[in-house]
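# Secondary and tertiary structure notes
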Amino acid sequence: MINEISKQPSPMLQTNNLTKRYEDGVLALDSLTLEVNPGELFVMLGGNGAGKTTTINLFLNFIEPTSGEASINGIVTHKEPLEAKKHVAFVSENVMLYQNFTAIQNLDFFSKIGGHSDLSRDDYRDVLNRVGLAEDAHNKRLKGFSKGMRQKCGIAIAILKDAPAILLDEPTAGLDPKAGYEFIRLLDSLRSENKAILMSTHDIFRAKEIADTIAIMDSGRMIMKEPAANLADQNLEELYLQYMAGHDTKAAG
Amino acid sequence: MLSTLIQKELKGIILSPKFTATFAICSILILLSVFTGIREYEAVSDQYDSATSLVEQELQDESNWGHMSTRSIRKPDPMQIFVSGLTYDIGRWSHVESTRPIKLKHSPYSDDPIFAMFRHIDFVFIFQFVLSLFAILFTFDAINGERESGMLKLVFSNSIPRAKYLIAKIIGSWLGLILPISIPILLSILLVIIMGVPMNAIHWATLATLIALSVLMFTFFISLGVAISAWTKRSSVSFLLSLVIWVMFVLIIPRASVAAAEQMVPVPRISEIESIREAYANDRWKTFYDISEERWMTSSNMNEEESEEERDRAMWDNMVLEDSLRRIVEIEIEEYEVRLLEELRQRKAGQERLAFGFSRISPSSAYQLAASGLAGTDIEMKDRFEESMSQFRSSFVDFTEKKQAESGNTGGIMISISTETGIDIKDGSDNSALDLTDIPKYEQPRRSYAQAFNSTIIDFGLLAFATLLMFVASFIGFLRYDVR
Amino acid sequence: MLKIIIEREIKDIVSSTKFAVTFAVCVILILASFYVGAAHYNLNKQQYDASVAENLRQMEGLTEWYSVRQHKVFMPPQPLAALVTGISNDIGQTADMLAGSQVITEGSRYNEDPIFAVFRFLDLEFIFQIVLSLFAILLGYDAISGEKERGTLRLTFASNLPRRTYILGKLIGSFAALSSSLIVALGLGCLFLPMMGVPMSGDEWIRLLIIAGSGLLYFGVFLTGSLFVSAMTQRSSSSFLLLLVAWILAVMIIPRASVLTAARAVEVPSVDHIANQRSSLASQLWAESRDAMTNFKPDIDDDDPEAMMKIGSMFSQFMDSLGTIRNDQMSEFSDRINEERFNAQQIQQNLSFNLARISPSTSMKLATSNLAGTSLELTKHFRDETRAYHKVVGDFIREKTGMNPHGGMIIKINDGSEEPEPIDPSELPSFEYKPIRTATAINAALPDIGLLALFNFLFFTGAVISFGRYDVR
């Protein structure tokens, strides 16, 4: 496997016994340990409340871990959040962006706060072309954009940040098949740029299509983690339901 | 980095559709208020001019120094264009004469109650009611609105310190809202210059301070909106909350505190005080007349010869005596009155302290109090004018009395009834014009800029403190804000 | 079907946080305004009674009616005026009955106690005007566009529901839910009046009822107006912005601006101008009297032992007749120029108010102040009342002393033979102020109430029509 050959000593995204218990007592994440290496696309599968978004929120230090730690490029996020975030780009589930700004203006703002103040309009155009946003939409306000168009802007922002790690929270939810396909191709090209990509999704088929590693989450626990190659011949949907059922009986027992 | 964030805030405000609407409204309102204020000022200035020339004419028509009276008139001040305050509620002029104390009467609103129905709009009104509302409307969702659109997550997936983001947010919204209102403000200053309002250096300094004060008040409401949005998760909640707070601050607290003070410190009405004074005066005069009657009666108990002798001997002395006693009674009544009024003033001052102390919970009323204090249209205004008019009254009365003594003309009507010549009636007027060259002229009360400014220091400080408090609240709220 | 929509609407409103918060604020404010009004009335009544008593007391001990130098009457406080202050605090509330031939009302409350002029009163009318209208907008701005944004509109019209039924249900439901809660608040507020011992006559209760009704109508204008705007806009944020601008214009700007413009269009002679004319006439008349006086030669026999007394009384009579002539001339002149000013003011007033009535806020204000008897009419009414009383006092003094109370000069020769009796101030007829009659007040308020109803109807129809064309997607 290519990934195994190029595997580097330190993973880009890493959690170690990461646990999050909310104030109301809900255990959202239960000692999660995972690693994502550069050039690896790690997909977290799971239903609502499985802990996928909590994991991403912990990586971004939007919440503090109860115990354990998450690190980006070896930097523990809740200790040095600002330093850690320099190395990560984020695409959220429903990218709203600034509705009164044009696509270019949004890109301009986010690339500047992402630490790239040297980019020109041409760079923005290039990246928007790369993500497949039609030329005539570049200077339009985002108000009239469809979800797919906004998602393209969101990924363009992530690309512009040029960070070694990318976190994606349900990025394909609500996209039409064509947009979903284009999105997956983009991820593929980002992986080939040696980015470490962590994506959460409900979408089993896309996961199987693109992932290097697939993990199934349920109730804050990672109940399965396998290289996608090992699952190539299996029906992932069946496997998913099987795991969930098994976990449920375990939890019940 | 900071400048990028600020720029984004600024752009965000300027590009929003509500910005255009509010900007247009603010511009129209500010210009309208200043324009109507200037017109109103011109009208009252004309009225003042004609009234003063009439007063002079009346003095010139006088033919006798005895019991001469005049009127002192409150001169309009250009600052009332911006802060009308109590200008229209307080009397325009007072009688100046020896027998009656100074009392401002004929307030512009009582003369033309139609204007009282809806009152005037001035610069301070626009800031206090409209701009404060707009400030809140632009900032109530500053933080939680961004959370709802997921922007906070996106922004904070970058290495941006929260404090920096919040500072940029506040500075950006501040600039975004201040820049547009500064345009109509500058235009209205231009209007003041073009329309030839007589502004002196003090006026300009006061106006500059007023603008600074207004900007401070505006900043408070901006920071209030930001603070509320940094403490609430949903913008619909913060919207409701900020609107309720706005209603409380701007509309309710000021009025409620006056109502509370009215109940807690009862102050008698001036009419009651006047009647008490009148009762005292009646009493004093009655005693006076009784005594003087008795004195004259002593002669009537004598036989004709004795009485004539007594009269010739004592008449002049009696008259002199009576005159000096009369003076004493007058002085006594006046002293009594001064005491009564002083007591009333004390009570009123207590009531005011309480009312305004309460009302200062609301920065909006602190602003109004400071603005009217600056412009000299505050609650002290009446006292200030009545005091200067009282001073004028005493110098005027002294002068006319001195002149009358010099001229030897008693004035009034002299009726002599004699058994020989029958009745002879003369009135004291000698129909020749009086020499009015040295007559005291009423000087409008003067306030230096320092005095005007000093009266506002507490409110300035309160506003600044409240603003700071809101900043701190925003920071505390935002540093622990859940951006998810 | 309509019933279901109405029920759903009521439930939806009553269970919302927005309703709970705004309703709580409204109830507190309405109750506060009633409480403050009642307390203010009671205090005012005390002060009024004290002023009247002091005014009579100062006459005690005087021995002659003509030596009473001051007899003042005051505008007695009215319970309704405490709830709707109108201009009652702006106009003169005191009149001196002995100062001269002309009754001048002066001493406005705001001039005497400027503390109240700083922030003014927290009265019911103010709560209606600002708070109710603002809350009506708040509760109505997203009635249609909000449902669209949430997607419930599409869902609702997936059934075979006629649009008209839906919008009617919405209008009726929201008005019913909100106005019934306001009625409860107003009812509770009214309880304060008897509880705090404010005497209210049956007529006053009727007036208060109509005041509350006008308040509800006014609330209805803003509610239907909000629904109308909401049914015209696609997004709730734009409907809110539009409504807010309309609110600022209607409540704060249009009334003031139109009065200012219209008032400037009609020339009304200033009070100063009139005072000047009067004072010049007065001095001219006085000069004439003076000439007549100096030529006074009584036809009397010098040897008459009673000559002195006779001359005195003849001179008194002479002065009296001069005074009467002067008086008549003065009052005729005053009446004429006051009439002129009054007419000009009427024209000015009609023009300004008609222009200002573009804003329902004006209509509400005019209707409630007319009903409370604190409209501009109060100036004239109080003046008329004091003038009528002035005549009564004049007659009384004349009867008591045989002299014209405004003759300006009194000669009394006391030979010391009898001890003068002190006067009894209670003999003086008291000032019975009659407020503006209920029928008159209601008649004056009717056009504005009608206008408010018309606004309701227009916005209602507007909402129905524009919802018929609304894009529910």
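Residues numbered from 1 in each chain as written. Chains lettered and ligands numbered in written order. Predicted model: local features only at pLDDT ≥ 70, side-chain atom pairs only at ≥ 80, totals over all residues. Heavy atoms only, no water.

### Structural notes on the overall build of chain B
Within chain B one finds 16 helices and 4 strands. In chain B, buried positions account for 57% of the 484 residues. If you take every contact in chain B between residues at least 6 apart in sequence, the share linking residues at least 24 apart comes to 81%. For chain B, the distance from the average site of its 46 positive side-chain charges to the average site of its 61 negative ones is 19 Å. (Helix = DSSP H or I, 4+ residues; strand = E, 2+ residues; numbered from the N terminus. Buried < 20%, exposed > 50% of the residue type's maximum accessible area, 1.4 Å probe, protein only. Contact = heavy atoms within 4.5 Å. Lys, Arg positive; Asp, Glu negative; His and termini not counted. Charge placed at Lys NZ, Arg CZ, Asp CG, Glu CD.)

### Considerations on the interface of chain B and chain A
On the side of chain A, 28 residues touch chain B, which itself brings 25 residues to the contact. When chain B packs against chain A, close to 2,400 Å² is buried across both sides, 65% of that on carbon and sulfur atoms. Taken together, the connections running from chain B to chain A amount to 0 salt bridges. In this structure, the connection of chain B to chain A is made through 7 residue pairs in polar contact (both at pLDDT 80 or more). (Buried area = accessible area lost by both parts, 1.4 Å probe. Salt bridge = Lys/Arg side-chain N within 4 Å of Asp/Glu carboxyl O. Polar contact = N/O pair within 3.5 Å; in protein donor to acceptor, adjacent residues only side chain to side chain.)

### Structural notes on the arrangement of the chains
Considering every one of the 2 pairs of chains in contact, the largest contact total is recorded for chains B and C. The least C-alpha distance between chain A and chain C, which are not in contact, is 12 Å.

### Comments concerning the confidence of the model for chain B
The share of residues in chain B with pLDDT of 70 or more is 90%, and the mean pLDDT across the chain is 86. Confidence estimates for the predicted assembly give a pTM of 0.87 and an ipTM of 0.85. (pLDDT = per-residue confidence, 0-100.)

### What about helix H1 (residues 2–15) of chain B?
The α-helix advances 3.6 residues per turn, and as a result positions three or four apart in sequence lie on the same side. Here H1 of chain B spans 20 Å end to end across 14 residues, near enough to the 20 Å set by a 1.5 Å rise per residue. Of the residues making up H1 of chain B, those classed as buried are Thr 4, Leu 5, Ile 6, Lys 8, Glu 9, Leu 10 and Ile 13 of chain B. The elements touched by buried residues of H1 of chain B are helix H4 (103–113) of chain A together with helix H2 (17–61), helix H5 (123–139), helix H6 (144–148) and helix H8 (162–194) of chain B. (Expected span 1.5 Å × (residues − 1).)

### Concerning the sheet that holds strand E2 (residues 92–96) of chain C
Residue and element names in this part refer to chain C. The strand order across the open sheet formed by 3 strands is E1-E2-E3, and the pairing between neighbours is antiparallel. In this open sheet, the two edge strands, each paired with only one partner strand, are strand E1 (72–74) and strand E3 (105–108). Averaged over all pairs of adjacent strands, the angle between strand axes in this sheet comes to 35 degrees, irrespective of strand direction. By the bridge criterion, 3 bridges tie E1 to E2 in an arrangement that is antiparallel. Looking across to E2, one finds that Lys 72 is bridged to Asp 96. The sheet strands contacting helix H15 (residues 377–401) are E1, E2 and E3, and the helix crosses E2 at an angle near 15 degrees. (Pairing = 2+ DSSP bridges. Axes fitted to C-alpha atoms, helices over the stretch in contact; angles between N-to-C directions.)

### Brief notes about the pattern of salt bridges
Side chains bearing opposite charge may pair, as long as their charged atoms lie close to each other. Enumeration according to the criterion identifies 56 salt bridges over all chains in this entry. Among the salt bridges present, the one from Arg 191 of chain A reaches Asp 212 of chain A, with a minimum N-O distance of 2.9 Å. Highlighted residues: Arg 191 of chain A in helix H7 (residues 177–192) and Asp 212 of chain A in the loop between helix H8 (204–210) and strand E9 (213–218), separated in sequence by 21 residues. A salt bridge links Lys 169 of chain B to Glu 9 of chain B; the nearest nitrogen and oxygen atoms lie 3.0 Å apart. Placement of the pair is Lys 169 of chain B in helix H8 and Glu 9 of chain B in helix H1, with a sequence separation of 160 residues.

### Focus: the sheet that holds strand E4 (residues 67–72) of chain A
The strand order E2-E1-E4-E5 (chain A) describes an open sheet built from 4 strands, whose pairing is antiparallel. In this open sheet, the two strands that pair with only one neighbour each are strand E2 (27–36) and strand E5 (75–76) of chain A.

### Some words on the interface of chain B and chain C
The partner chain C presents 102 residues to the 97 residues of chain B that form the contact. Carbon and sulfur atoms supply 68% of the area buried between chain B and chain C, which totals about 8,900 Å² over both sides. When the buried surface of chain B facing chain C is broken down by residue, Met 117, Phe 118 and Arg 269 of chain B rank first, second and third, together holding 10% of it. The interface formed by chain B and chain C includes 6 salt bridges. Across the pair Arg 119 of chain B and Asp 90 of chain C runs a salt bridge, and its minimum N-O distance is 2.9 Å. Linking chain B with chain C are 25 residue pairs in polar contact (both at pLDDT 80 or more).

### Quick look at unusual backbone geometry
Residue and element names in this part refer to chain A. Positive phi, normally seen in glycine, also occurs at Asn 61, with a value near 60 degrees. Considering the arrangement of structural elements, one finds Asn 61 in the loop between helix H2 (52–59) and E4. You can call Asn 61 buried: its relative accessible area is 15%. At Asn 73, a residue that is not glycine, the phi angle is positive and equals roughly 55 degrees.

### Digging into the packing of aromatic side chains
Evaluated as defined, the whole model comprises 46 aromatic pairs over all chains. Where Phe 116 of chain C meets Phe 121 of chain C, the ring centres are 5.1 Å apart and the plane angle is 15 degrees; that geometry is what we call stacked. Each member of the pair Phe 116 of chain C and Phe 121 of chain C is classed as buried. Among the aromatic residues, those joined into a cluster by ring pairs are Tyr 98, Phe 101, Phe 109 and Phe 110 of chain A. (Phe/Tyr/Trp six-rings, centres within 6.5 Å; stacked < 30°, edge-to-face > 60°.)

### Some details on the pairing of strand E1 (residues 13–21) of chain A
Residues and elements named next belong to chain A. Relative to E4, E1 is paired through 5 bridges, and the arrangement is antiparallel. Looking at the pairing, Leu 13 lines up with Ile 72 of E4. In this sheet, E2 lies alongside E1 in antiparallel orientation, the contact comprising 6 bridges. Residue Gln 14 lies in a different strand from E2, and its bridge partner there is Glu 35. What sits between E1 and E2 in their antiparallel hairpin is a turn of 5 residues, with Gly 25 showing a positive phi close to 95 degrees.

### Topic: the packing of helix H6 (residues 124–140) of chain C against helix H14 (residues 360–372) of chain C
Relative placement of two packed helices is described by the angle separating their axes and the distance separating the axes. Residues and elements named next belong to chain C. Between H6 and H14, the shortest axis-to-axis distance is 10 Å and the interhelical angle comes to 165 degrees. In terms of orientation, H6 lies roughly antiparallel with respect to H14. In terms of crossing hand, the pair formed by H6 and H14 is right-handed. Only Ser 361, Met 364, Lys 365 and Thr 368 of H14 make contact with H6, whose side of the interface consists of Glu 125, Phe 128 and Gln 129. When the residues that make up the contact of H6 with H14 are grouped by side-chain class, the tally is 2 nonpolar, 3 polar and 2 charged. (Parallel < 35°, antiparallel > 145°, perpendicular 65-115°, else oblique. Left-handed = near helix turned anticlockwise from the far one by under 90°. Nonpolar A, V, L, I, M, F, W, Y, C, P; charged D, E, K, R; others polar.)

### A short note on the nonpolar core
The biggest cluster of nonpolar side chains holds 139 residues, and the ones touching the most others in it are Phe 82, Leu 210, Phe 221, Trp 246 and Leu 251 of chain B together with Trp 247 of chain C. Not counting chain neighbours up to four residues away, the residues in contact with Trp 247 of chain C comprise Leu 133 and Trp 246 of chain B together with Ile 130, Ser 133, Leu 134, Ile 137, Phe 222 and Met 252 of chain C. Phe 42, Phe 90, Ala 156 and Leu 198 of chain A belong to the second-largest nonpolar core, a separate cluster that totals 105 residues. (Core = buried A, V, L, I, M, F, W, Y, C linked by side-chain atoms within 4.5 Å.)

### Details of the environment of Thr 219 of chain B
All names here are of chain B. Locating Thr 219 in the fold gives a position in helix H9 (residues 201–231). Classification of Thr 219 by relative accessible area gives buried; the value is 11%. As for Thr 219 and Glu 386, which are separated by 167 residues in sequence, their C-alpha atoms are 37 Å apart. Not counting chain neighbours up to four residues away, the residues in contact with Thr 219 comprise Trp 174, Thr 467 and Phe 471.

### Re the packing of helix H10 (residues 202–230) of chain C against helix H11 (residues 236–265) of chain C
Residues and elements named next belong to chain C. Interhelical geometry of H10 versus H11 gives an angle of 145 degrees and a closest axis separation of 9 Å. Every pair of crossing elements has a handedness; the one defined by H10 and H11 is right-handed. Of the residues in H11, those touching H10 at Tyr 218, Phe 222, Gly 225, Ser 226, Val 229 and Ser 230 are Ser 239, Leu 242, Leu 243, Trp 247, Ala 250 and Val 251. Its residues placed into classes, the contact of H10 with H11 shows 8 nonpolar, 4 polar and no charged.

### Observations concerning the side chain of Ser 133 of chain C
Residues and elements named next belong to chain C. Assignment of secondary structure puts Ser 133 in helix H6. Classification of Ser 133 as buried rests on a relative accessible area of 0%. Within the local environment of Ser 133, its side chain forms a polar contact with the side chain of Trp 247, the two groups lying 2.8 Å apart. Look past the residues within four positions of Ser 133 in its chain and what remains in contact with it is Phe 128, Tyr 218, Phe 222, Trp 247 and Val 251.

### Digging into a nonpolar patch on the surface
All names here are of chain B. Together, Ile 183, Leu 187, Leu 190 and Ile 194 make up a nonpolar patch on the protein surface, roughly 380 Å² of accessible area in all. Within the secondary structure layout, Leu 190 lies in helix H8. On the accessibility criterion, Leu 190 (44% relative accessible area) is partly exposed. (Patch = residues over 30% accessible without salt bridge, like charges linked within 9 Å, V, L, I, M, F, W, Y side chains within 5 Å. Areas by Shrake-Rupley, 256 points an atom, 1.4 Å probe, with all protein chains shown as cover.)

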